Amino acid sequence: MDTPAPPSTEPSSPAAPQLKPLRFGDPLRWLALGWRDFMRAPVIGLFYGACFMVMGWALLKVYESAPAYTLALSAGFLLMGPFLCLGLYRVSQRLEAGQKPDFGDSLLAWDTRTGQLAIFGFVLLVLEMLWGRATLVVFAVSFDGMPDFKGSLRALLDPENLSFIVAWAAVGAVFASLIYAVSVISMPMILHRQTDAITAGLTSLRLVLTQTGVMLWWAALLAGLVFVALLPWFAGLLVVGPVLGHASWHAYRAAVAD
C-alpha cells in the first residue's frame, strides 16, 4: 500500500496584492489629503520641499557652468526624488495611524526596508542610465557631434531641429512612462508592507495597465504641478514637492487593498 506523500514544507508564494477600483475624482482627493498632511506637519514638509528646491538650483547652476554634466545630474535627481519622498510617506503613515510625526523618524524611514529599497533603487538607476544613453544617441544622430549647450536652449529647440525634438520627446516619453508605471506606488508599498521590490514594481505596473485612465490623469496632474512649481526659480517646489509626496502616499492607500 502506497504511503501518502508528506505535505510540502515549501512556503507558498503570497497572493498578489488586490487592487481597488479608482474613480477619476480620486486624484483630486489625493491632492486634498496631501495638502491636509502638509498643513498638519508643515515644518517637516518645508524641509523636504527645501531639498527639492535646492536640487533644482543645483541643476540650474550645473547647466550654466558645466552643461555636459546636466543630463547625468538630472538623472541622479530623478532617482533621489522618490527616496526623499520616503520621509513624507512616513509622516503620512504616522498621521493616518493617529500618531504624531517625528522629523528624525522621517529621515530614517528607509532604515527598516533598506534591502528592498536598494534593489528598487538599482532598477530605477538602470532605467535612468538607459534613458540617458538613448538621449545621447538621439543627439549624436541629430547633430554633427554634440551641440553646444552653453548656447540658448531656445536655439536648441529651434523649429529647424524638428526631427530632433520629436525623437527626443518620443524617447523621453517612453522611458518616463515606464519609470512612472513601475514606481507610482512602489516606494510607499515597500515602506508600508513586508513586500519585495519586484512585487511592488509589478503591482504598480498592474495598476497602471488595468486602470490606465485614472493613472494617466494622476500623471498629468503630477507633471503639470511640478512644471508650474519650476517656473519661479524652483520656489514652488517648497510647497508643491511635499504636497505631492503626501498625496502619493494616499494614492497608494486608495489603490491597494489591505
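Every chain begins its residue count from 1, and numbering advances along the sequence as written. Thresholds applied to this predicted model are a pLDDT of at least 70 for local features of residues and 80 or more for the giving and counting of side-chain atom pairs; totals over whole chains, interfaces and linings are not thresholded and use all residues. To obtain the side-chain values, all non-hydrogen atoms of the structure were included, while hydrogens and water were left out.

For the protein, an unreviewed UniProt entry supplies the name DUF2189 domain-containing protein and the organism Rubrivivax rivuli.

### Describing the overall build of the protein
The helix count covers DSSP runs of H or I at least four residues long, the strand count covers runs of E at least two residues long, and both are numbered beginning at the N terminus. Tallying secondary structure elements over the protein gives eleven helices and zero strands in all. The secondary structure elements of the protein, listed N-terminal to C-terminal, are α-α-α-α-α-α-α-α-α-α-α. Contact criterion: two residues are considered in contact whenever any of their non-hydrogen atoms come within 4.5 Å of each other. Look at the contacts in the protein between residues 6 or more apart in sequence, and 76% of them connect residues 24 or more apart. Accessible surface is estimated by sampling points in the Shrake-Rupley manner with a 1.4 Å probe; for residues, cover comes only from the protein chains shown. Working note: accessible area of the protein is about 14400 Å², and carbon and sulfur atoms make up 70% of it.

### Section: the packing of helix α7 (residues 162–183) against helix α9 (residues 197–210)
Axis definition: a line fit to C-alpha positions, over the contact stretch in the case of helices; interaxial angles, taken between N-to-C directions, run 0 to 180 degrees. One can describe the packing of α7 onto α9 by two numbers: an axis separation of 6 Å at closest approach and a directional angle of 110°. In terms of orientation, α7 lies roughly perpendicular with respect to α9. Contacts between α7 and α9 pair Tyr180, Ala181, Val182 and Ser183 from the former with Gly201, Ser204, Leu205 and Val208 from the latter. Looking at side-chain class alone, the contact of α7 with α9 contains five nonpolar, three polar and no charged residues. For classification purposes, an angle smaller than 35 degrees is called roughly parallel, one larger than 145 roughly antiparallel, one from 65 to 115 roughly perpendicular, and anything else oblique. Each residue gets one of three labels, nonpolar for Ala, Val, Leu, Ile, Met, Phe, Trp, Tyr, Cys and Pro, charged for Asp, Glu, Lys and Arg, and polar for the others, Gly among them.

### As for the UniProt feature "transmembrane region" (unreviewed entry) in the protein
UniProt positions are given in the numbering used here, feature names are shortened, and annotations may be inferred rather than shown by experiment. When the UniProt feature table is mapped to this numbering, "transmembrane region" (unreviewed entry) covers residues 38–60, 66–89, 117–142, 162–185 and 214–235. In residues 162–185, helix accounts for 92% and strand for 0%; the two terminal C-alpha atoms are 35 Å from one another. Regarding residues 214–235, the helix share stands at 77% and the strand share at 0%, and the terminal C-alpha atoms are separated by 29 Å.

### Some details on the pattern of salt bridges
Definition used for salt bridges: Asp or Glu carboxyl oxygen within 4 Å of a side-chain nitrogen of Lys or Arg. Scanning the entire structure with this criterion turns up seven salt bridges. Of the charged contacts, one joins Arg23 and Asp26 as a salt bridge, the two residues approaching to 3.9 Å between their closest N and O atoms. Each residue gets one of three labels from its accessible area relative to the maximum for its type: buried under 20%, exposed over 50%, partly exposed in between, using a 1.4 Å probe on protein chains only. The class of Asp26 is buried, set by a relative accessible area of 6%. Through salt bridges that share partners, Arg23, Asp26 and Arg29 make up one connected network.

### Some words on a nonpolar patch on the surface
Only residues whose relative accessible area exceeds 30% and that form no salt bridge are eligible for patches; like-charged ones are grouped when within 9 Å, while nonpolar side chains (Val, Leu, Ile, Met, Phe, Trp, Tyr) are grouped when within 5 Å. Among the surface-exposed residues, Ile119, Phe122, Val123, Leu125, Val126, Met129 and Leu130 lie close enough to one another that they form a single nonpolar patch of about 610 Å² accessible area. Relative to the helices and strands, Leu125 resides in helix α5 (residues 114–142). Leu125 sits in the partly exposed class, given a relative accessible area of 34%.

### A word on the nonpolar core
By nonpolar core we mean a set of buried residues, namely Ala, Val, Leu, Ile, Met, Phe, Trp, Tyr and Cys, connected to one another through side-chain atoms within 4.5 Å. One finds Leu22, Phe52, Tyr180, Met215 and Trp218 to be the most contacted residues of the largest nonpolar core, which totals 52 residues. The biggest single contributor to this core is helix α11 (residues 237–255), with eight residues. The residues touching Phe52, leaving out its near neighbours within four places in the chain, are Gly81, Leu84, Cys85, Leu88, Leu237, Gly241 and Pro242. Counting residues in each nonpolar core, the second largest holds six residues, with Val138, Phe143, Phe164 and Val171 among its members.

### Digging into the packing of aromatic side chains
The geometry of an aromatic ring pair is captured by two quantities: the separation of the ring centres and the angle between the planes. To pair, rings of Phe, Tyr and Trp, with the six-membered ring standing in for Trp, must have centres within 6.5 Å; the planes then decide the type, stacked if under 30 degrees apart, edge-to-face if over 60, and tilted in the middle. Applying the stated criterion across every chain yields a total of six aromatic pairs. Plain terms: the ring middles of Phe47 and Phe103 are 4.9 Å apart, the flat faces sit at 90° to each other, and that makes the pair edge-to-face. Here Phe103 lies in helix α4 (residues 103–107) and Phe47 lies in helix α2 (residues 42–65), a separation of 56 residues in the sequence. When its relative accessible area of 32% is taken as the criterion, Phe47 is described as partly exposed. A ring pair is formed by Trp131 and Phe175, whose centres lie 6.4 Å apart and whose planes are at 5°; its orientation type is stacked. Of this pair, Trp131 sits in helix α5 while Phe175 is found in helix α7, placing the two residues 44 residues apart along the sequence. Classification of Trp131 by relative accessible area gives partly exposed; the value is 21%. Given a relative accessible area of 16%, Phe175 falls into the buried group. Ring pairs connect the aromatic residues Phe47, Tyr48 and Phe103, which therefore count as one cluster.

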